[in-house]
Amino acid sequence: MRRFTKLCLIGGLIIAAPIIAYAEKEDTLQLLDLFGEVFERVRSDYVEPVKDSDLIEAALNGMLTSLDPHSGYMNEKAFKEMQVQTKGEFGGLGIEVTMDNGLVKVVSPIDDTPAAKAGIKPGDYISYINDEAVMGLALSEAVDKMRGPVDSKVKLTVLREDETEPLEFTLVRAEIKIKSVKERAMGDDIAYIRLSSFTEQTTDLMRSEFDRIKKDLPHLRGVILDLRNNPGGLLEQAISVSDAFLTQGEIVSTRERDPDKTKRYNAHAGDELVDEHIPMVVLINNGSASASEIVAGALQDHKRAIILGTQSFGKGSVQTVIPLTGHGAIRLTTARYYTPSGRSIQALGITPDIVVQPAKIEPLKNSDKIRSEADLRHRLENLQEKKQEELTKSGKVKEKVEVAKERAAEKAKGPSIKNADIEGADDFQLQRAVDLLRALTVYNQTSEK
């Protein structure tokens, strides 16, 4: 801003605002003239002809993307595709992405999509698309290059933190139909609900799926809500999902530049999916972003659930889509959101109550078996076991000893990787959640005695 030496003195007060306001307007007009001059020079002197519409769209997108990674301009085609995506059906690879240091960074692959099946992971950096460098492209341009006709192929070159060499993936584009909710029973007492995104259908699907699974679990003792690799979605869906597990209190607040426009969203009693006394565990990781973090933060602050996993992504801003009649729309960051305790998670994320890193579960080899008293020579006999054996031989008692021995032998082997009663037995974080809920059940039963 220009420095002014001429000031107005009125009633002992120095009034410079009118001059400053005029100067700001004058500076803006000059900068718009500069834009027009550059625009005309490009039109007339660039080595190849360029469409005016392309130049204007690029300028608009450049202005918005310079603000933050989540603001941007969408032409009519991109706007229509975005509207389809929020309904839960669209075409592409199934990756939620953002821009970081000039490369496309994967926030999260979406379940059951070409990206997830190929092994794309949160935190991957896409450096080349079909051998064309991503560096220098706007995010929207990179996304356009990954889109294409269904069943067509696209080659991605990926940089991964723990890999010394770039990885190459050839993916086949598909029509992405997201089922944002999955459920199953973990044994006969724990309900597992997986939310892969927050679309217009998420809350209704979650309620209907949960009603179904409750019929299969008459003795429900715990709920696992899996938000890992959930890149977020609609704010209203994050609020309604949180409300389904809370009876009262604030879920989230959004704060704009104008303090008077702060909005608070609260839970309502009477529409809960599950009794508030039934314990919950929420699973998160670095692919849990935006709406996922709203849900995790609300349940954590109200002590309704134990958050387990790793630090979340840290997207704590709200984007408003503003349609422009006849010209698509702009996605503009208009607010930050805060958890019920007033925490802003922007660039920080949600910290789990219990940090559990992903790990691979492998059974111990037989050679690793630890010796026990039963393996020692000249050990004392178990008189009770001996008595039971005598009773068994006499036919007075059914073969309890053999059954007990079999159970002891199975227990000595350790947990089975392919437990028929527990799906996802190779998912270390999920198994720790199951263990935690069952431990809480045992503890509560012990406390009641």
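Every residue gets a number counted from 1 within its own chain, in the order that chain's sequence is written. A pLDDT threshold of at least 70 governs which residues receive local features in this predicted model, and a stricter bar of 80 or more applies before side-chain atom pairs are shown or counted, although totals over entire chains, interfaces and linings include all residues. Heavy atoms from the whole structure form the basis of all side-chain values; hydrogens and water molecules are not counted.

This next bit is on the overall build of the protein. We count a stretch as a helix when DSSP gives it H or I for four or more residues in a row; a strand needs E for two or more, and each element gets its number in order from the N terminus. From N to C terminus, the protein includes eleven helices and 21 strands. A total of 449 residues make up the protein; the buried ones form 37% of that total. Considering only residue pairs separated by 6 or more positions, the protein has 66% of its internal contacts joining residues 24 or more positions apart. Only the protein chains shown count as covering a residue, and every accessible area follows the Shrake-Rupley method with a 1.4 Å probe. Total accessible area on the protein stands at roughly 27,300 Å², and carbon and sulfur atoms take up 52% of it. Categorising residues by exposure relies on relative accessible area from a 1.4 Å probe, with only protein chains included: less than 20% of the type maximum marks a residue as buried, more than 50% marks it as exposed, and the intermediate range marks it as partly exposed. Working rule for contacts: check all heavy atoms of both residues, and any pair within 4.5 Å makes them a contact.

What follows concerns the nonpolar core. The biggest cluster of nonpolar side chains holds 41 residues, and the ones touching the most others in it are Leu195, Met206, Phe210, Leu225, Phe245, Val282 and Leu299. Elements with a contribution of two residues or more to this core: β13 (190-195), α6 (202-216), β14 (222-226), α7 (235-243), β15 (250-255), β17 (280-284), α8 (291-301) and β20 (329-338). Discounting chain neighbours no more than four positions away, the residues touching Phe210 are Ala191, Ile193, Leu220, Val223, Leu273 and Val274. Membership of the second largest hydrophobic core comes to 19 residues, among which are Ile120, Ile129, Leu139 and Val154. Side-chain atoms within 4.5 Å link the members of a nonpolar core, which is a set of buried Ala, Val, Leu, Ile, Met, Phe, Trp, Tyr and Cys residues.

The backbone of Asp112 shows a phi angle near 60°, a positive value even though the residue is not glycine. With respect to the secondary-structure elements, Asp112 resides in the loop between β6 (103-109) and α4 (114-118). With a phi close to 50°, Asn130 is a non-glycine residue in the positive phi region. With respect to the secondary-structure elements, Asn130 resides in the loop between β7 (125-129) and β8 (132-133).

The next subject is a nonpolar patch on the surface. Patch definition: residues above 30% relative accessible area lacking any salt bridge, with like charges linked at up to 9 Å and the nonpolar side chains Val, Leu, Ile, Met, Phe, Trp and Tyr linked at up to 5 Å. By salt bridge we mean one thing: a side-chain nitrogen of Lys or Arg within 4 Å of a carboxyl oxygen of Asp or Glu. Taken together, Phe35, Ile56, Leu60 and Met63 make up a surface patch of nonpolar side chains, about 340 Å² in accessible area. Tallying contributions element by element places helix α2 (residues 52-65) first for the nonpolar patch, with three residues. On the secondary structure map, Leu60 appears in helix α2. Assessed through its relative accessible area of 31%, Leu60 is described here as partly exposed.

Turning our eyes to something else, we now look at the confidence of the model for the protein. Low pLDDT means the predicted coordinates in that region are not meant to be read closely. The pLDDT value expresses, per residue, how confident the predictor is, ranging between 0 and 100. Averaged over every residue, the pLDDT of the protein is 85; the share at 70 or more is 84%. Counted against residues more than four places away or in other chains, residues 1-17, with its pLDDT under 50, gives 17 contacts.

Along helix α5 (residues 139-146), the residues classified as buried are Leu139, Ala142, Val143 and Met146. Buried residues along α5 cover an arc of 100° about the axis, so they all sit on one side. For α5, the elements touching its buried residues are β5 (95-100), β6, β7 and β9 (153-159). It is the directions from the helix axis to the C-beta atoms that the arc portrays.

So, about the sheet that holds strand β12 (residues 181-186). Should DSSP find at least two bridges between two strands, the strands are regarded as paired. Taken in spatial order, the six strands line up as β12-β13-β14-β17-β18-β21 in an open sheet, and their pairing is mixed. Where the open sheet ends on each side, the last strands, each with one partner, are β12 and β21 (354-355). Relative to β17, β14 is paired through four bridges, and the arrangement is parallel. Each residue of the ladder has a partner; that of Leu225, found in β17, is Val282. Here α8 sits on the sheet in contact with β14, β17 and β18 (306-309), set at roughly 145° to β17. Here an axis means a line fitted to C-alpha atoms, over the contact stretch when the element is a helix, while the angle between two N-to-C directions is reported on a 0 to 180 degree scale.

This part takes up the pairing of β14. Most of β14 sits inside the fold, with five of its five residues counted as buried. Pairing of β13 with β14 involves five bridges; the strand directions are parallel. What sits directly across from Tyr192, in β14, is Ile224. One crossover worth recording links β13 to the parallel β14 by way of α6, and it is right-handed. Seen with the strands pointing away from the viewer, any crossover whose path from the first strand over the helix to the second strand runs clockwise is right-handed.

Take the environment of Val106 next. In this fold, Val106 is placed in strand β6. Classification of Val106 as buried rests on a relative accessible area of 0%. For the pair formed by Val106 and Ile95, sequence separation is eleven residues and the distance between their alpha carbons is 6.8 Å. In this view, Val106 contacts Ile95, Glu96, Val97, Ile120, Lys121, Pro122, Gly123, Asp124 and Ile126; residues no more than four positions away in its chain are not counted.

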